[in-house]
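# Descriptive structure summary
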Amino acid sequence: MVLELISACQGVKLLVTSRAALNIRGEQLYPVPGMAVPDDRVASDGNGAGPALSRDELEAFSSVSLFLECLRRVKPGYQPDSANLAAVVETCRLVQGMPLAIELAAAWGKLLSPVEIAAELRRSLDFLESDQRDLPERQRSIRAVFNTTWELLSEPEQLALMKLTVFKGGFSRQAAQQVAGASLQILGSLLD
């Protein structure tokens, strides 16, 4: 449909959000990273006594602000103490600023404190799920997001990705090709 629209309407510009590149001529990619998260060194004083930054400075980070906004939907007026604010920061860091994961985590605030939410999240990402009826099934849990993404991959892409999980923190093209036997085409499609 996008190709038909572009060819039929010269000069039209589209903003498309997608997990994967469309791979069409003229496409300009704008990768969207996770939301801003306080760095471990500035979020803690190093002695376990709480955050080194002020409450206002921490809440200025988009991830922390989103978590607290979502938490206040289920607990109006909530104001975290320093331990709970540090747990909010930890949760945002654990999910690498992913907005959906932050929203799913904060929704547990009706039953759990931020300290308990962070503890559950350290145990398992499967904790991040919701029963909200207005969320598409594919967004009701982080597991569903991963499963949907996995199902979009071809069998050779899935095989290569499984083999690439031995790497932590990234890898070079040469290492990926040697360890996973991944071709440039497979690596390119995984990147897209």
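Residues numbered from 1 in each chain as written. Predicted model: local features only at pLDDT ≥ 70, side-chain atom pairs only at ≥ 80, totals over all residues. Heavy atoms only, no water.

### Side note on the overall build of the chain
Along the chain, the regular secondary structure elements total 11 helices and zero strands. Along its sequence from the N terminus, the chain presents helices and strands in the succession α-α-α-α-α-α-α-α-α-α-α. Expressed as a percentage of the 192 residues in the chain, the buried residues total 28%. Taking the intrachain contacts of the chain between residues at least 6 apart in sequence as the baseline, contacts between residues at least 24 apart amount to 53%. Carbon and sulfur atoms provide 54% of the accessible area of the chain, an area that totals close to 12800 Å². Placing the 19 positive and 23 negative side-chain charges of the chain at their respective mean positions leaves the two points 2 Å apart. (Helix = DSSP H or I, 4+ residues; strand = E, 2+ residues; numbered from the N terminus. Buried < 20%, exposed > 50% of the residue type's maximum accessible area, 1.4 Å probe, protein only. Contact = heavy atoms within 4.5 Å. Areas by Shrake-Rupley, 256 points an atom, 1.4 Å probe, with all protein chains shown as cover. Lys, Arg positive; Asp, Glu negative; His and termini not counted. Charge placed at Lys NZ, Arg CZ, Asp CG, Glu CD.)

### A few points about the packing of aromatic side chains
All chains considered together, the criterion is met by two aromatic pairs. Between the aromatic rings of tryptophan 108 and phenylalanine 127, the centroid separation amounts to 5.1 Å while the plane-to-plane angle is 25 degrees, which identifies the pairing as stacked. Taken as a pair, tryptophan 108 in the loop between α6 (99-107) and α7 (114-123) and phenylalanine 127 in the loop between α7 and α8 (142-152) lie far apart in primary sequence, 19 residues in all. Classification of phenylalanine 127 by relative accessible area gives buried; the value is 10%. Relative to phenylalanine 171, the ring of phenylalanine 167 has its centre 5.0 Å away and its plane inclined at 35 degrees; by these criteria the two rings are tilted. For phenylalanine 171, a relative accessible area of 41% corresponds to the partly exposed category. (Phe/Tyr/Trp six-rings, centres within 6.5 Å; stacked < 30°, edge-to-face > 60°.)

### Regarding the pattern of salt bridges
A full pass over the atoms with the stated rule returns five salt bridges. Note that arginine 143 and aspartate 126 form a salt bridge whose closest N and O atoms lie 2.8 Å from each other. Of this pair, arginine 143 sits in helix α8 while aspartate 126 sits in the loop between α7 and α8, and the two are 17 residues apart along the sequence. For aspartate 126, a relative accessible area of 37% corresponds to the partly exposed category. A salt bridge links arginine 140 to glutamate 137, with the shortest nitrogen-to-oxygen separation between them at 3.3 Å. (Salt bridge = Lys/Arg side-chain N within 4 Å of Asp/Glu carboxyl O.)

### Comments concerning the nonpolar core
Core analysis: the largest hydrophobic core is formed by 27 residues, its most contacted members being Val64, Phe67, Leu68 and Leu128. Those residues in contact with valine 64 that lie beyond four places of it in its chain are Pro38, Leu58, Glu59, Leu85, Val88, Val89 and Cys92. Listed in part, the seven residues of the second largest apolar core include Ala160, Ala180, Ala182 and Ile186. (Core = buried A, V, L, I, M, F, W, Y, C linked by side-chain atoms within 4.5 Å.)

### Observations concerning unusual backbone geometry
In the Ramachandran plot, asparagine 23 falls in the positive-phi region, its phi being about 60 degrees despite a non-glycine side chain. Topologically, asparagine 23 is positioned in the loop between α1 (2-8) and α2 (40-43). With a phi angle near 55 degrees, glutamine 96 is a residue other than glycine that sits in the positive phi range.

### Observations concerning the environment of serine 154
Assignment of secondary structure puts serine 154 in the loop between α8 and α9 (155-164). When its relative accessible area of 30% is taken as the criterion, serine 154 is described as partly exposed. Between the C-alpha atoms of serine 154 and isoleucine 186, which are 32 residues apart in sequence, the distance is 9.4 Å.

### Quick word on helix α4 (residues 62-74)
Spanning 13 residues, α4 covers 19 Å between terminal C-alpha atoms, matching the ideal 18 Å at 1.5 Å per step. All of the buried residues along α4 are Ser63, Val64, Leu66, Phe67, Leu68, Cys70 and Leu71. For α4, the elements touching its buried residues are α3 (55-59), α5 (82-94), α6 and α7. (Expected span 1.5 Å × (residues − 1).)

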